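Here's the letter readout for the chains.
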Amino acid sequence: MIQNARVLKEDWVPQELRHREGHLQHLSAQLKPIAHGLGAETVMITGPSGTGKTTIAKYIVRQLEQEVLGIRWGYVNCISETSMTSLIYSLVRDAGRANDLRKKGTPKSVMLDRLRDLDEHFVGIVDEVDVLEDEKTIQVLWEIPNVTLVLICVDDDDFFADLDSRVASRIRGAAKVSLERYHHEGLVDILWSRIDAGLASGVVEEEAVETIADIAAGDARHAITLLRRAVRDAIESGDQKLTIGNVQPVREEAREEIHDRHVDTLGTHQRHLYEIIKEAEEISARKLYAKYEERVSEPRVKSTRRKYLQSLQHYELIGSTGDGRGRWYRFSGP
């Protein structure tokens, strides 16, 4: 049944991106000056989970890398790399200039010089930028002439909320690519493109694809995970075709996988906040912060905690009610 298992993985970047043509053209136009030896302005990509933000960023940058000499690029997710040091190290590593550096102990200035001294232009894709601990990180990278940033977040209002006004004024001028959830037909097309690229011809029934798209409700990440789970179920059951009968039994498994994947990416402090809420099932903001400060030796400031909690809500790991001192947080299971 399977001809190319990589196609069924969430992070696989296809040869062609369907239903994002206009967004791709806009992003490509913003980065085009790099092809002419010029620096490009910062670009910001926003949208809900599962709308393809990371995929279109990697797709365009890889295309640029194939078409133009003298380009390097790197990717970092701020959910797991929250500090300035770890973020910059990840980008320097992707640039191929960190072989003799240590993630801990190497001065940030040394790492930044490695990017600054590159002969090539460097494009840094910074995912989940709204949870960065140190807002100066973006400013420091933004000021390097041969570095162009592609910033990704769910909601740019959350990103700008706690940003220094001087930094915010510069980044607010960035070109913006806003993604919405996929329509049902678009999600069906995306699923069929994966099926055609990764599975044998004729092994998937149309009704199964329609059902997966219905369940995923515009979330491509959810749809691809559910497809992979259904394929596994069909193989383990010895079925010759993937039918709706393979989809329904794995619905909860797919949700659990997505939930667990998000949890696995959490940094230390985000995980502490998540675990406290999970253990309590429901807890006031005041008690949450008190327990958090008891657990960690160097607690993050309240503005950073709010960023972490917002990111947990974006990925439906937790929910909340109320405002300010009256806010309560609750655990959201898969």
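In case you missed it, the structure is sitting above this.
I will try to describe carefully the structure that is included in this document. (Residues numbered from 1 in each chain as written. Predicted model: local features only at pLDDT ≥ 70, side-chain atom pairs only at ≥ 80, totals over all residues. Heavy atoms only, no water.)

1. What about a negative patch on the surface?
At step 1: A surface patch of negative charge is lined by Glu252, Glu256, Asp260 and Asp264.
At step 2: Following the sequence through the fold, aspartate 260 ends up in helix H12 (residues 251–264). (Patch = residues over 30% accessible without salt bridge, like charges linked within 9 Å, V, L, I, M, F, W, Y side chains within 5 Å. Areas by Shrake-Rupley, 256 points an atom, 1.4 Å probe, with all protein chains shown as cover. Salt bridge = Lys/Arg side-chain N within 4 Å of Asp/Glu carboxyl O. Lys, Arg positive; Asp, Glu negative; His and termini not counted. Charge placed at Lys NZ, Arg CZ, Asp CG, Glu CD. Helix = DSSP H or I, 4+ residues; strand = E, 2+ residues; numbered from the N terminus.)

2. Topic: the layout of surface pockets
At step 1: Space inside the largest pocket adds up to approximately 860 Å³.
At step 2: Lining the largest pocket are 39 residues, and of these Glu10, Asp11, Thr54, Thr55 and Arg221 lie nearest its centre.
At step 3: Taken together, the elements giving at least two residues each to the lining of the largest pocket come down to helix H2 (53–67), strand S2 (71–77), helix H8 (184–198), helix H10 (220–237), H12 and helix H15 (302–314).
At step 4: Broken down by element, the residue count for the lining of the largest pocket peaks at 5 residues, all from H2.
At step 5: In the lining of the largest pocket, the residues fall into 15 nonpolar, 10 polar and 14 charged. (1 Å grid on protein atoms, 1.4 Å probe; cavity = no way out; pocket = protein on both sides within 12 Å on 5 of 7 lines; lining within 4 Å. Points joined across faces, edges and corners; volume = space filled by probe spheres on them. Nonpolar A, V, L, I, M, F, W, Y, C, P; charged D, E, K, R; others polar.)

3. What to know about the packing of helix H14 (residues 285–295) against H15
At step 1: Viewed as axis vectors pointing N to C, H14 and H15 meet at an angle of 110°, and their least axial separation amounts to 13 Å. On the basis of their axis angle, the class for H14 and H15 is roughly perpendicular. Each of Leu288, Tyr289, Tyr292 and Glu293 in H14 lies in contact with H15, whose residues at this interface are Arg305, Arg306 and Leu309.
At step 2: Its residues assigned to classes, the contact of H14 with H15 shows 4 nonpolar, no polar and 3 charged. (Axes fitted to C-alpha atoms, helices over the stretch in contact; angles between N-to-C directions. Parallel < 35°, antiparallel > 145°, perpendicular 65-115°, else oblique. Contact = heavy atoms within 4.5 Å.)

4. What to know about the environment of arginine 181
At step 1: With respect to the helices and strands, arginine 181 occurs in the loop between strand S5 (175–178) and H8.
At step 2: For the pair arginine 181 and leucine 288, spaced 107 residues apart in sequence, the C-alpha to C-alpha distance is 32 Å.
At step 3: Here arginine 181 is in contact with Pro48, Ser49, Thr51, Ala217, Gly218 and Asp219, once residues within four sequence places are set aside.
At step 4: A distance of 3.0 Å separates a polar side-chain atom of arginine 181 from the backbone oxygen of serine 49. (Polar contact = N/O pair within 3.5 Å; in protein donor to acceptor, adjacent residues only side chain to side chain.)

5. Considering the sheet that holds strand S3 (residues 121–127)
At step 1: With respect to topology, 5 strands assemble into an open sheet ordered S2-S3-S4-S1-S5, the strand pairing being parallel. Both outer strands of the open sheet, S2 and S5, are each paired with one neighbouring strand and no more. On average, each strand axis in the sheet is inclined to that of its neighbour by 15°, with strand direction left out of account.
At step 2: Across 4 bridges, the pairing between strand S1 (residues 43–46) and strand S4 (residues 147–153) is parallel. Residue pairing for S4: valine 43 is matched across the bridge by valine 150.
At step 3: Along the sheet, helix H1 (residues 21–31) makes contact with S1, S4 and S5, crossing S5 at roughly 160°. (Pairing = 2+ DSSP bridges.)

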